Structure formats: C-alpha cells, structure tokens
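Summary of structural features
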Amino acid sequence: MVDVATVEAANMVLDQLGVPTSVLINALYKRIVAEQRIPFPLALTPEEQVKDQVADWIDEIQKHVPTLDKAQFEQWLIDNED
C-alpha cells in the first residue's frame, strides 16, 4: 500500500504535467513488459545515501553518549575530542 502523503505529492506533480494517474501506470506496466525489468534504477540518490549514513552515525553516537542537555553535550564533546 502506498502512503497517502506520497500519493498526494505524486498526484500534484501529475496534475501539473497533465498526465492522468492511469496513463502513467499503464505506461509503466507496458515498459516493464517490454523490457522485462523495472525501467529505472531502484537505488538511493547520493543525498539519500548521505542522510542514511548520518542517521547511522547519530544512532551510533547515541549508544555511547549519556543523555545530556545541549550545554552538557557540548562539554562532553570537548572532553572527548580524541
């Protein structure tokens, strides 16, 4: 199931392009049949890759950093520079 926000955002773009959803879906299905594959790469963009990496770093840091307010965290960073 596609989430509502994604559907709404895609529909706005399709409306601006003047392309009905059914036309897009039919065209996509026809390309899949013709090419016997998904006709575009299913990979993260470089920006998405960076965001994922930063999220992983934050998760890792949170495993090792005590819960602190901003001032305490800044002090913790200074104390743990190495």
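Relevant structure appears above.
Summary of the structure given here. Sequence positions are assigned chain by chain, starting from 1 and proceeding in written order. A pLDDT threshold of at least 70 governs which residues receive local features in this predicted model, and a stricter bar of 80 or more applies before side-chain atom pairs are shown or counted, although totals over entire chains, interfaces and linings include all residues. Side-chain metrics in this entry use all non-hydrogen atoms of the structure; hydrogen atoms and water are not considered.

**Some remarks on the overall build of the chain**
Note the following rule: Elements are defined by DSSP. Helices are runs of H or I of four residues or more, strands are runs of E of two residues or more, and each kind is numbered from the N terminus. Values of the radius of gyration come from C-alpha atoms, whereas the globule rule sets the reference at 2.2 Å times the count of residues to the power 0.38. The classification of residues rests on relative accessible area computed with a 1.4 Å probe and restricted to protein chains. Under 20% of the type maximum is buried, over 50% is exposed, and intermediate values are partly exposed. Computed with the Shrake-Rupley method and a 1.4 Å probe, the accessible areas treat only the protein chains shown as cover for residues. The positive count covers Lys and Arg only, the negative count covers Asp and Glu only, and His and the chain ends enter neither. Where a charge sits is defined by one atom per residue type, namely NZ (Lys), CZ (Arg), CG (Asp) or CD (Glu).
Each helix and strand in the chain was counted, giving four helices and zero strands. Seen in sequence order, the chain has helices and strands lined up from the N terminus as α-α-α-α. For 82 residues, the compact-globule estimate of 2.2 N^0.38 gives 12 Å, and the chain exceeds it by more than 25% at 22 Å. A principal-axis box enclosing the C-alpha atoms of the chain has dimensions of 60 × 25 × 20 Å. By residue count, 2% of the 82 residues in the chain fall in the buried class. When the accessible area of the chain is evaluated, it comes to approximately 7,500 Å², of which 61% is carbon and sulfur surface. Between the mean site of the 6 positive side-chain charges and the mean site of the 15 negative ones, the chain shows a separation of 15 Å.

**Considering a nonpolar patch on the surface**
Quick note on the threshold: Put simply, a patch holds well-exposed residues, over 30% relative accessible area, that have no salt bridge, with like charges counted together within 9 Å and Val, Leu, Ile, Met, Phe, Trp or Tyr side chains within 5 Å. What makes a salt bridge here is a side-chain nitrogen of Lys or Arg within 4 Å of a carboxyl oxygen of Asp or Glu, nothing more.
On the surface, Val50, Val54, Trp57, Ile58, Ile61, Leu68, Phe73 and Leu77 cluster together into a nonpolar patch covering about 670 Å² of accessible area. Those elements that provide at least two residues to the nonpolar patch are helix 3 (46–64) and helix 4 (70–79).

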